[in-house]
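# Fold and contact review
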Amino acid sequence: MQWGLHNRLARIIRPSDHRCVMLAVDHGYFLGPTRKLEDARSTITPLLPYADCLMVTRGLVRTCVNPDTSTAIMLRVSGGPSVVGPSLADEAITTAFEDALRINAAGVTASIFVGTPYERQTVAGLAELVNQGERYGMPVMAVTAVGKELESRTARFLGLCSRMAAEMGAHMVKTYYCEDFGKVVESCPVPIVIAGGPKLDTERDVFEMVANAVALGAVGCDMGRNIWQHDHPIPMITAIRKIVHDGYDAKDAHDHFTTACNARHVAQRGATPRTTKGRTAKAATRKGRPSRT
Ligand code: 5RP
């Protein structure tokens, strides 16, 4: 692998443990000002030090990210359709490669929509991006998008998409966690990170998903809503870091999360303390179960 590409990849996936925690904040490119991203800068800024890499569009980089940051940038360079349009799959490459270089991105990323009328267009877009990435020493991460069809997150489908992306030359793949996720990893010759998907019911569900994904061979996660739509985003991302970089299991990560929430509560005097079961102390008391905090 050429030096520049290797070096950029090392800014995304930490060489010491071959793992990474990416923070995805690119949702506005098709969702608009979704909840907690209305003022994206105030959501991103406190989380930035805890992310190895930030996934954003060029518009948010310029307007909402302090250029002094040492966090690597994964630049989203595909887009076009919106959540209210006829098809989320009809994406094109939207950002000039020179812009990614000017931004000093560590990588660029685009979605592929396999199984849709736009698979040829999006897969060809990815392949062209890889051509440019090889020319300039820039890693390319493919996102195996499912649009609104969340039920298509099966190992068979995601395995197909991930493998296609790798065969097109993608240096990394972002896909979804699913049943038999190990099969997706085994048949994909490049590193895989998982997305979080829509917000899950409990923190424990998030930690279980990340821990299982890493145990099955993912190098980490590229997560958005389950972190920044949470009432306690910093304890969420630090607990996820513990799983990805320090080998915590879901239970230990949850204990870390609870301790971090309560430490912040003491520091802030006002937020609601949490029990180790992920409920607020107030909610636990309401249900007649005393808080363990
Ligand atoms: C959309 C994306 C998002 O960045 C991705 O879905 C990750 O965010 P979340 O964890 O909220 O799903 O790539 O195609």
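These remarks concern the structure in this document. (Residues numbered from 1 in each chain as written. Predicted model: local features only at pLDDT ≥ 70, side-chain atom pairs only at ≥ 80, totals over all residues. Heavy atoms only, no water.)

### What to know about the overall build of the chain
Each helix and strand counted, the chain has 13 helices and 10 strands in total. Compactness check: the chain gives a C-alpha radius of gyration of 19 Å against a globular reference of 19 Å for 293 residues, within 12% of the reference. For the chain, the C-alpha atoms occupy an extent of roughly 60 × 40 × 40 Å along the three principal directions. A total of 293 residues make up the chain; the buried ones form 52% of that total. Partitioning the intrachain contacts of the chain with sequence separation of at least 6 by distance along the chain shows that 64% fall at a separation of at least 24. Mean positive and mean negative side-chain charge positions of the chain (35 and 29 charges, respectively) differ by 7 Å. (Helix = DSSP H or I, 4+ residues; strand = E, 2+ residues; numbered from the N terminus. Rg over C-alpha atoms; globule rule 2.2 N^0.38 Å. Buried < 20%, exposed > 50% of the residue type's maximum accessible area, 1.4 Å probe, protein only. Contact = heavy atoms within 4.5 Å. Lys, Arg positive; Asp, Glu negative; His and termini not counted. Charge placed at Lys NZ, Arg CZ, Asp CG, Glu CD.)

### Some thoughts on the site of the ligand
As a structural note, the neighbourhood of the ligand is formed by 15 residues, with D26, H27, G197, G224 and R225 the closest of them. Here D26 contributes a side-chain N or O atom positioned 2.4 Å from an oxygen atom of the ligand. Residue G224 places a main-chain N or O atom 2.8 Å away from an oxygen atom belonging to the ligand. When isolated, the ligand has an accessible area of 370 Å², and the protein chains bury 95% of it. (Near = heavy atom within 4 Å. Polar contact = N/O pair within 3.5 Å; in protein donor to acceptor, adjacent residues only side chain to side chain. Areas by Shrake-Rupley, 256 points an atom, 1.4 Å probe, with all protein chains shown as cover.)

### Comments concerning the packing of aromatic side chains
Each aromatic ring pair is summarised here by two numbers: the centre-to-centre distance and the angle between the ring planes. Tallied over the full model, the rule gives 4 aromatic pairs. Relative to Y136, the ring of F97 has its centre 5.5 Å away and its plane inclined at 25 degrees; by these criteria the two rings are stacked. Note that F97 is positioned in helix α5 (residues 97-102) and Y136 in helix α6 (residues 119-136), a separation of 39 residues in sequence. Exposure remark for Y136: the relative accessible area of 36% places this residue in the partly exposed category. (Phe/Tyr/Trp six-rings, centres within 6.5 Å; stacked < 30°, edge-to-face > 60°.)

### Notes on the sheet that holds strand β2 (residues 53-57)
Within the closed barrel, the 8 strands sit side by side as β1-β2-β3-β6-β7-β8-β9-β10. Their pairing is parallel. Averaged over neighbouring strand pairs, the angle between their axes works out to 30 degrees when direction is ignored. Summarising the sheet, strand β7 (residues 140-144) and strand β8 (residues 172-175) pair through 3 bridges and their orientation is parallel. Each bridged residue has a counterpart across the sheet, and for M141 the counterpart in β8 is M172. (Pairing = 2+ DSSP bridges. Axes fitted to C-alpha atoms, helices over the stretch in contact; angles between N-to-C directions.)

### Some remarks on the packing of helix α9 (residues 203-215) against helix α11 (residues 233-246)
As a packed pair, α9 and α11 sit with axes 9 Å apart at the nearest point and diverge in direction by 25 degrees. As summarised for this structure, α9 and α11 are arranged roughly parallel, according to the angle between their axes. Like other packed secondary-structure pairs, α9 and α11 cross with a definite hand, here right-handed. Note on element contacts: α11 touches α9 through M236, A239, I240, I243 and V244, opposite E203, V206, F207, V210, A211 and V214. A breakdown of the residues in the contact of α9 with α11 according to their chemical character gives 10 nonpolar, no polar and 1 charged. (Parallel < 35°, antiparallel > 145°, perpendicular 65-115°, else oblique. Left-handed = near helix turned anticlockwise from the far one by under 90°. Nonpolar A, V, L, I, M, F, W, Y, C, P; charged D, E, K, R; others polar.)

### Looking at the state of the cysteines
Going through the model one piece at a time under the given rule, you end up with 0 disulfides. Considering cysteine sulfurs only, C53 is the nearest to C20, which forms no disulfide, with 7.2 Å between them. Of all cysteine sulfurs, the one in C161 lies closest to C178, which takes part in no disulfide; the gap is 10 Å. (Disulfide = S-S within 2.5 Å.)

### With respect to the packing of α11 against helix α12 (residues 250-268)
One way to put it is that α11 packs onto α12 with a least axis distance of 9 Å and a crossing angle of 150 degrees. Relative to α12, the element α11 lies roughly antiparallel. Along this stretch, α11 crosses α12, giving a crossing that reads as right-handed. Residues I234, P235, M236, T238, A239, K242 and I243 of α11 form the contact with α12, whose participating residues are A253, H256, F257, A260, C261 and R264. The class makeup of the residues in the contact of α11 with α12 is 9 nonpolar, 2 polar and 2 charged.

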